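Listed below, chain by chain, are the residues.
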Amino acid sequence: MKELLDVESAIRREVGARLFTVLAWIPERGALRRVHSSHPGQYPVGGEKTVEVAKGWLATCIEGRRPYLAADRAAVREIFADHELIESLGCGCVINVPVVEEGRVLGVLNLLDAEGSYDEASVAAAVALAPLAVPALRQAVGAGEGR
C-alpha cells in the first residue's frame, strides 16, 4: 500500500527506524496481521501473531489505546517473543503506537531502532504521525472482515 510507504517515510524522517511494520488489529481473533513491512524477508506481509503472551502490551496498546515504549534490550526481551530476531537486525528498542479512529483501534505502528534511540519525545512524534495510517488500516481491516 502506497499510503503505508508514505507513513514509513514520515516515520523515518521524523522519528527514525531501522525496522518499521504496520499491523492491523483483528479483535475477534485477538490477533495482529502484518500489512506493511520494511523487512519482508524477516517480517512478511500477511503474517499474523496473537498477543496472548503479552498481556501487559495488550492492556496498554490495544485496550488502553496508549503507545508502548520498550527503551532498551531488556524491555524488548520481556515482551517480545521474537527478541532474538529483533536484536539480529540491530534493534534494541521499540515504540508501538495504536492507530485509532473514533475510539476503535485499527492497528499498530511498530518502530524499532538501536538501543537507546527512543525516548518520550520520540513516542510523542510517532503518536503525532499515527493518524496518517488511518485510511490504509481502515481499508486493511475492512478487507479482513469475515475471514
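Relevant structure appears above.
Residues numbered from 1 in each chain as written. Predicted model: local features only at pLDDT ≥ 70, side-chain atom pairs only at ≥ 80, totals over all residues. Heavy atoms only, no water.

K.L.:
Give a description of the overall build of the protein that names residues and reports values.
P.N.:
Check the secondary structure of the protein and you find six helices and six strands. In the protein, the order of α-helices and β-strands from amino to carboxyl end is α-β-β-β-α-β-α-α-β-β-α-α. Rg of the C-alpha trace for the protein: 14 Å, near the compact-globule value of 15 Å for 147 residues, within the 12% margin. Overall, the protein is about 40 × 30 × 30 Å in size when its C-alpha atoms are taken along their principal axes. In the protein, which comprises 147 residues, the share counted as buried stands at 48%. Partitioning the intrachain contacts of the protein with sequence separation of at least 6 by distance along the chain shows that 56% fall at a separation of at least 24. Summing over all exposed atoms, the protein offers an accessible surface of approximately 7,000 Å²; the carbon and sulfur share of this is 50%. Computed over 16 positive and 20 negative side-chain charges, the inter-centroid distance for the protein is 4 Å. (Helix = DSSP H or I, 4+ residues; strand = E, 2+ residues; numbered from the N terminus. Rg over C-alpha atoms; globule rule 2.2 N^0.38 Å. Buried < 20%, exposed > 50% of the residue type's maximum accessible area, 1.4 Å probe, protein only. Contact = heavy atoms within 4.5 Å. Areas by Shrake-Rupley, 256 points an atom, 1.4 Å probe, with all protein chains shown as cover. Lys, Arg positive; Asp, Glu negative; His and termini not counted. Charge placed at Lys NZ, Arg CZ, Asp CG, Glu CD.)

K.L.:
So what's going on with unusual backbone geometry? Residues and values would help.
P.N.:
Located in the positive-phi region is Arg-65, a residue other than glycine, with phi close to 55°. Even without glycine at this site, Glu-102 takes up a positive phi of about 50°. Take Glu-102: it is sitting in the loop between strand S5 (93-101) and strand S6 (104-113).

K.L.:
I'd like a description of the packing of helix H1 (residues 2-14) against helix H5 (residues 120-129), backed by residues and values.
P.N.:
Contact pair H1 / H5: the axes reach a minimum separation of 10 Å and the direction vectors enclose 155°. The orientation of H1 relative to H5 falls into the category roughly antiparallel. With respect to the hand of their crossing, H1 and H5 are arranged in right-handed fashion. Within the contact between the two elements, H1 uses Ala-10, Ile-11 and Glu-14 and H5 uses Ala-125, Ala-126 and Leu-129. (Axes fitted to C-alpha atoms, helices over the stretch in contact; angles between N-to-C directions. Parallel < 35°, antiparallel > 145°, perpendicular 65-115°, else oblique. Left-handed = near helix turned anticlockwise from the far one by under 90°.)

K.L.:
Which residues make up the sheet that holds S6, and what are the values?
P.N.:
Strand pairing in a sheet is mediated by backbone hydrogen bonds. Such pairs are either parallel or antiparallel. One open sheet holds the six strands; their spatial order is S3-S2-S1-S6-S5-S4, and the pairing between them is antiparallel. The two strands at the open ends of the sheet, each matched to only one other strand, are strand S3 (48-50) and strand S4 (68-70). When strand polarity is set aside, the average angle formed by the axes of neighbouring strands in this sheet is 25°. The pairing of S4 with S5 spans three bridges and is antiparallel. Each bridged residue has a counterpart across the sheet, and for Tyr-68 the counterpart in S5 is Asn-96. Along the sheet, H5 contacts S4, S5 and S6; its crossing angle with S5, the most-contacted strand, is approximately 30°. (Pairing = 2+ DSSP bridges.)

K.L.:
Residues and numbers for H5, please.
P.N.:
Among all positions in H5, only Ser-122, Val-123, Ala-126 and Leu-129 are buried. Angularly, the buried residues of H5 cover 125° about the axis, an arc narrow enough to put them on a single face. The exposed set on the far side of H5, more than 90 degrees from its buried face, consists of Glu-120, Ala-121 and Ala-128. The N-terminus of H5 is capped by Asp-119, whose side-chain oxygen sits 3.0 Å from the backbone nitrogen of Ala-121. (Arc of directions from axis to C-beta. Polar contact = N/O pair within 3.5 Å; in protein donor to acceptor, adjacent residues only side chain to side chain.)

K.L.:
Explain the nonpolar core to me, using residue names and the numbers behind them.
P.N.:
In terms of nonpolar packing, the biggest core is built from 28 residues, with Ile-11, Phe-20, Ile-95, Leu-109, Leu-111 and Leu-137 touching the most fellow members. Going through the elements one at a time, H1, strand S1 (19-26), S5, S6, H5 and helix H6 (134-144) are the ones with two or more residues in this core. In terms of residue count, H6 provides more of this core than any other element does, five residues in total. Discounting chain neighbours no more than four positions away, the residues touching Ile-11 are Gly-16, Ala-17, Phe-20, Leu-109, Leu-111, Ala-126 and Leu-129. Of all hydrophobic cores here, the second largest spans 21 residues; its members include Leu-23, Leu-58, Val-76 and Leu-112. (Core = buried A, V, L, I, M, F, W, Y, C linked by side-chain atoms within 4.5 Å.)

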